[in-house]
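Architecture at a glance
Residues per chain, in single letters:
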Amino acid sequence: MECRERRLAADLIALSSAEGLPVSEAAKRLCMTRQGLYKLLKQLRAEGYVAEGSVVKLTPKGRDFLSGILRDLLRYFNIASIRLVGRVVSGLGEGAFYISLEGYKRAIEERLGFTPFPGTLNIKLDPQYMPYRRYLDGLPGVVIPGFSNGLRTYGAVKAFRARVNGVEGAVVMPERTHHPTDVIEVIAPVKLRDALGLRDGDVVEVEVLL
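- As annotated in an unreviewed UniProt entry, the protein chain carries the name Riboflavin kinase and is attributed to Pyrobaculum oguniense.
- We quote the UniProt Function (unreviewed entry) comment for the protein chain here in full: "Catalyzes the CTP-dependent phosphorylation of riboflavin (vitamin B2) to form flavin mononucleotide (FMN)."

So, in structure tokens, the structure goes:
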């Protein structure tokens, strides 16, 4: 990593801890003068790493830069997967509709290597696993591209290969979802509820491959 990149990494990590704060409050949290923080923000905005506005906010470019650092750290500490535990919950039935769409189905076959059962298993994570769930927001995963059928446009989906109680599948994270952040969706070549004999409230373990 070049000198400029090392400095940029330190600046973005610091700013990430003050996201959403007005500059005056962010300066106090970061132990900086307001003038010093304004100067830093001006520079990073010009480079596209920080968004315009009255509060501190990283742009997608800034978050992508931090994602690269996170990947490097996980590799350094030899972390190849994370473990998430939660309970099965019922969804709204949207998973079956979306997974059955040819655009998603074909892309999943190409990029994840299996034909998905038309539906998702919804798992509400136990609170202690939420910090690990947030890792997935900062990692690129496997991108299932969006598409249009001429009538409607469907957004991209980020996916991570995973095992649910030992069964191969993937955690999918749509760009647009009605689920709260503590609920993850899992797809697999089989209907997981039947294959694993699951009912609402059953505890399941998901190993997410990074």
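And the narrative resumes.
**Re helix 1 (residues 3–16)**
- Taking 1.5 Å per residue, 14 residues should reach 20 Å; helix 1 reaches 20 Å between its end C-alpha atoms and fits that length.
- Burial in helix 1 covers these residues: Leu 8, Ala 9, Asp 11, Leu 12 and Leu 15.
- Lining the buried residues of helix 1 we find helix 3 (34–46) and helix 4 (60–76).

**A short note on the UniProt feature "binding site: Mg(2+)" (unreviewed entry) in the protein chain**
- Those residues carrying the UniProt feature "binding site: Mg(2+)" (unreviewed entry) are Thr 120 and Asn 122 in this numbering. Lining the second largest pocket, from the residues named above, are Thr 120.
- Among the structural elements, Thr 120 can be located in the loop between helix 6 (102–112) and strand 2 (121–125).
- What Thr 120 contacts, discounting residues up to four positions off in sequence, is Gly 95, Ile 99, Glu 185, Val 186 and Ile 187.
- A distance of 3.5 Å separates a polar atom in the side chain of Thr 120 from a polar atom in the side chain of Asn 122.
- Secondary-structure assignment places Asn 122 in strand 2.
- Residue contacts for Asn 122: discarding those within four places in its chain leaves Arg 87, Val 88, Val 89, Ser 90, Gly 91, His 179, Val 183, Ile 184 and Glu 185.

**Let's talk about the packing of aromatic side chains**
- If you walk through the whole model with that rule in mind, you get nine aromatic pairs.
- Between Phe 97 and Tyr 98, the aromatic rings sit 5.1 Å apart at their centres with planes inclined by 70°, giving edge-to-face as the arrangement.
- Of the residues examined, Phe 97 reaches a relative accessible area of 38% and is grouped as partly exposed.
- Among the residues examined, Tyr 98 registers a relative accessible area of 25% and is labelled partly exposed.

**Re the packing of helix 1 against helix 3**
- Packing of helix 1 against helix 3 brings their axes to within 12 Å, and their N-to-C directions diverge by 115°. Crossing hand, helix 1 versus helix 3: left-handed. Where helix 1 abuts helix 3, its residues Arg 4, Leu 8, Asp 11, Leu 12 and Leu 15 lie against Leu 37, Leu 40, Leu 41, Gln 43 and Leu 44.
- Considering only residue class, the contact of helix 1 with helix 3 consists of seven nonpolar, one polar and two charged.

**Quick look at the nonpolar core**
- Among the nonpolar cores identified, the biggest contains 26 residues, and Leu 84 and Val 206 are the most heavily contacted of them.
- Those elements that provide at least two residues to this core are helix 4, strand 1 (81–89), strand 2, helix 7 (130–137), strand 6 (157–164), strand 7 (167–174), strand 8 (183–187) and strand 9 (203–209).
- It is strand 1 that contributes the most residues to this core, four residues altogether.
- Beyond its immediate chain neighbours, meaning those up to four positions away, Val 206 contacts Ile 82, Arg 83, Leu 84, Ile 123, Ala 162, Arg 163, Val 164, Val 171 and Ile 184.
- Grouped together as the second largest cluster of nonpolar side chains are 21 residues, Leu 12, Val 23, Leu 40 and Val 56 included.

Calculation notes
- Residues numbered from 1 in each chain as written.
- Predicted model: local features only at pLDDT ≥ 70, side-chain atom pairs only at ≥ 80, totals over all residues.
- Heavy atoms only, no water.
- UniProt positions renumbered as here; feature names shortened; annotations may be inferred.
- Helix = DSSP H or I, 4+ residues; strand = E, 2+ residues; numbered from the N terminus.
- Expected span 1.5 Å × (residues − 1).
- Buried < 20%, exposed > 50% of the residue type's maximum accessible area, 1.4 Å probe, protein only.
- Contact = heavy atoms within 4.5 Å.
- 1 Å grid on protein atoms, 1.4 Å probe; cavity = no way out; pocket = protein on both sides within 12 Å on 5 of 7 lines; lining within 4 Å.
- Polar contact = N/O pair within 3.5 Å; in protein donor to acceptor, adjacent residues only side chain to side chain.
- Phe/Tyr/Trp six-rings, centres within 6.5 Å; stacked < 30°, edge-to-face > 60°.
- Axes fitted to C-alpha atoms, helices over the stretch in contact; angles between N-to-C directions.
- Left-handed = near helix turned anticlockwise from the far one by under 90°.
- Nonpolar A, V, L, I, M, F, W, Y, C, P; charged D, E, K, R; others polar.
- Core = buried A, V, L, I, M, F, W, Y, C linked by side-chain atoms within 4.5 Å.

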